[in-house]
Amino acid sequence: MLRKLYPHTGKSQVVGITGPPGIGKSTLIGNLSSLLAESGNRVSILAIDASSPYTGGSLLGNRIRMQESLWKSGIYMRSLANRGYKGGLSDSALGAVSILDASGSDFIIIETVGAGQADLDIMNLADTTVLVLAPGLGDQIQAIKAGIMEIADIFVVNKMDREGSYFAMKDIEETLSLDERRKFKREVVGATNADLESYRDLLEAINRHRDFLKGEDQMGKKRLEYGLKWVLETELNEKIIEPIVRSFHENSLLEDSKTNFYEKVENLLENIDLTDIIEELTNRTDD
Ligand SMILES: Nc1nc2c(ncn2[C@@H]2O[C@H](COP(=O)(O)OP(=O)(O)OP(=O)(O)O)[C@@H](O)[C@H]2O)c(=O)[nH]1
Ligand SMILES: [Mg+2]
């Protein structure tokens, strides 16, 4: 199904929103999505292991009811909570993004807490990565992976209604100015649930990043590489590695501690002509 959908993909801007637990990601995404939907965009939200509800502006209330309010403005939202399965999360995220893209989403917003390798992987799906922090961020920066800081395109200081927020913005700006070699000038914007208009700065930053990517012909390129690696790894594992390991079992080769699997694998690989495979895969065809 994904293979057939593929030709219909490539129109969405995938925006990854990441940051420590409880920093206000879901609230921010709810408000940002409403702004985007108001101006006629189709918005889809994928929340990875989301622990708290999409508030869409109000602070309390039943999670289902809140999600209904998003659905009413034409925003699709669902969570993917299958962390723990081998590769399950990254696999379902890639598939879900493809389906939402093919179905006509202008924006696909992915929420993750930015902890662990799975989250870093998923951020490689995003055209635009937004890191959400809040005042008092010394500890937060310690807590999140440095890798996320590296791949973020836009930084948000959330909860601007709190003390120390301007200081926090300046703090991040100073960190970023140390790194001026990047082509895209990374910026820091503020946001607060106390003023829904404050999310417009983030929206404009996301638009600027999209213009940059288009100008560099980089829109969707990260996703292409991610998809290629993912599909290759999955297929190779399923069609080659697993059958080989199974046949080692079936032929009791693993019971014999003398089985030199280094040698066996090396012999096998010597007989595979990688250049043939690469040529086959890189031959451009019209379909
Ligand atoms: N003061 C203040 N509180 C906020 C703001 N935005 C969100 N919050 C509160 O912060 C708490 C966490 O908000 P969420 O949006 O659920 O945060 P999250 O980052 O999605 O949390 P997880 O999904 O659990 O990681 C809630 O109690 C929100 O009401 C804000 O701008 N200012
Ligand atoms: Mg959340």
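The preceding data block contains the structure.
About the thresholds
Residues numbered from 1 in each chain as written. Chains lettered and ligands numbered in written order. Predicted model: local features only at pLDDT ≥ 70, side-chain atom pairs only at ≥ 80, totals over all residues. Helix = DSSP H or I, 4+ residues; strand = E, 2+ residues; numbered from the N terminus. Buried ≥ 20, exposed ≤ 12 C-beta atoms within 10 Å, placed from the backbone. Contact = placed C-beta atoms within 7 Å. Pairing = 2+ DSSP bridges. Axes fitted to C-alpha atoms, helices over the stretch in contact; angles between N-to-C directions. Expected span 1.5 Å × (residues − 1). Arc of directions from axis to C-beta. Parallel < 35°, antiparallel > 145°, perpendicular 65-115°, else oblique. Nonpolar A, V, L, I, M, F, W, Y, C, P; charged D, E, K, R; others polar. Core = buried A, V, L, I, M, F, W, Y, C linked by C-beta atoms within 7 Å.

### Topic: the overall build of the protein chain
Then, number 1: Looking only at helices and strands, the protein chain has twelve helices and seven strands in total.
Then, number 2: Here the protein chain, with 287 residues, has 34% of them falling under the buried criterion.
Then, number 3: A separation threshold of at least 6 residues defines the contact pool for the protein chain, and within that pool the share at least 24 residues apart is 76%.

### Re unusual backbone geometry
Then, number 1: Not every positive phi belongs to a glycine, and lysine 159 is a case in point at roughly 60°.
Then, number 2: With respect to the helices and strands, the residue lysine 159 is situated in the loop between β6 (154-157) and α8 (165-177).
Then, number 3: Residue classification places lysine 159 among the buried positions, given that 24 C-beta atoms sit within 10 Å.
Then, number 4: A positive phi angle is found at aspartate 217, which is not glycine, with a value near 55°.
Then, number 5: On the secondary structure map, aspartate 217 appears in the loop between α9 (199-215) and α10 (221-250).
Then, number 6: Residue class for aspartate 217 comes out exposed when judged on the 8 C-beta atoms lying within 10 Å of it.

### Side note on the sheet that holds strand β2 (residues 43-48)
Then, number 1: If you walk across this open sheet you meet the seven strands as β3-β2-β4-β1-β5-β6-β7, and the pairing is parallel. The open sheet terminates on both sides in strands that have one partner only, identified here as β3 (76-80) and β7 (187-190). Going across the sheet, the axis of each strand differs from the next one's by a mean of 20°, ignoring polarity.
Then, number 2: Inspection of the sheet shows strand β1 (residues 13-18) paired to strand β4 (residues 107-112) by six bridges, in the parallel sense. In the sheet register, glutamine 13 faces β4, and the bridge partner there is phenylalanine 107.
Then, number 3: Docked against the sheet, α9 engages β1, β5 (128-133), β6 and β7, running at close to 155° with respect to β7.

### Here's the deal with the pairing of β2
Then, number 1: Across the six residues that make up β2, a large majority, six, are buried.
Then, number 2: Burial of β2 is two-sided: the residues Val43, Ile45 and Ala47 facing one way and the residues Ser44, Leu46 and Ile48 facing the other way are all buried.
Then, number 3: Of the pairings in the sheet, the one linking β2 to β3 comprises five bridges and is parallel in character. From the neighbouring strand, leucine 46 faces β3, where its bridge partner is arginine 78.

### Comments concerning α8
Side chains that are three or four residues apart share a direction in an α-helix, a result of its 3.6 residues per turn.
Then, number 1: With 13 residues, α8 extends 18 Å from end C-alpha to end C-alpha; this agrees with the ideal 18 Å at 1.5 Å per step.
Then, number 2: Those residues of α8 lying buried are Ser165, Ala168, Met169 and Ile172. On an axial view of α8, the arc spanned by its buried residues comes to 100°, and they lie on one face. Among the exposed residues of α8, those oriented more than 90 degrees off its buried face are Tyr166, Phe167, Lys170, Glu174 and Ser177.
Then, number 3: For α8, the secondary structure elements touched by its buried residues are β5, β6 and β7.

### Looking at the pairing of β5
Then, number 1: Most of β5 sits out of view: six of its six residues are buried.
Then, number 2: Residue alternation in β5 divides its side chains into two sets, Thr128, Val130 and Val132 and Thr129, Leu131 and Leu133, and both sets are buried.

### Overview of the packing of helix α2 (residues 25-38) against α9
Helix packing geometry: the angle between the two helix axes and the distance between the axes.
Then, number 1: In the contact formed by α2 and α9, the axes pass within 10 Å of each other and the chain directions differ by 70°. Compared by their axis directions, α2 and α9 come out roughly perpendicular. Of α9, the residues touching α2 (which contributes Leu28, Asn31, Leu32, Leu35 and Leu36) are Tyr199, Arg200, Leu202 and Leu203.
Then, number 2: For the contact of α2 with α9, a count of residues per class yields seven nonpolar, one polar and one charged.

### Description of the nonpolar core
Then, number 1: Core analysis: the biggest nonpolar cluster contains 53 residues, and Ala93, Ile109, Ile110, Leu125, Leu133, Val156 and Val157 have the highest contact counts within it.
Then, number 2: No other element matches the five residues that β2 contributes to this core.
Then, number 3: Among all residues touching valine 156, those that are not within four sequence positions of it are Val130, Val132, Leu133, Val189, Ala191 and Leu202.

### Some thoughts on the environment of leucine 100
Then, number 1: Looking at the element boundaries, leucine 100 is found in helix α4 (residues 88-102).
Then, number 2: You can call leucine 100 buried: it has 24 C-beta atoms within 10 Å.
Then, number 3: Expressed as a C-alpha distance, the spacing of leucine 100 and serine 12, which sit 88 residues apart in the sequence, is 8.4 Å.
Then, number 4: With residues near it in sequence (within four places) discarded, leucine 100 still touches Ser12, Ser44, Ser105 and Ile108.

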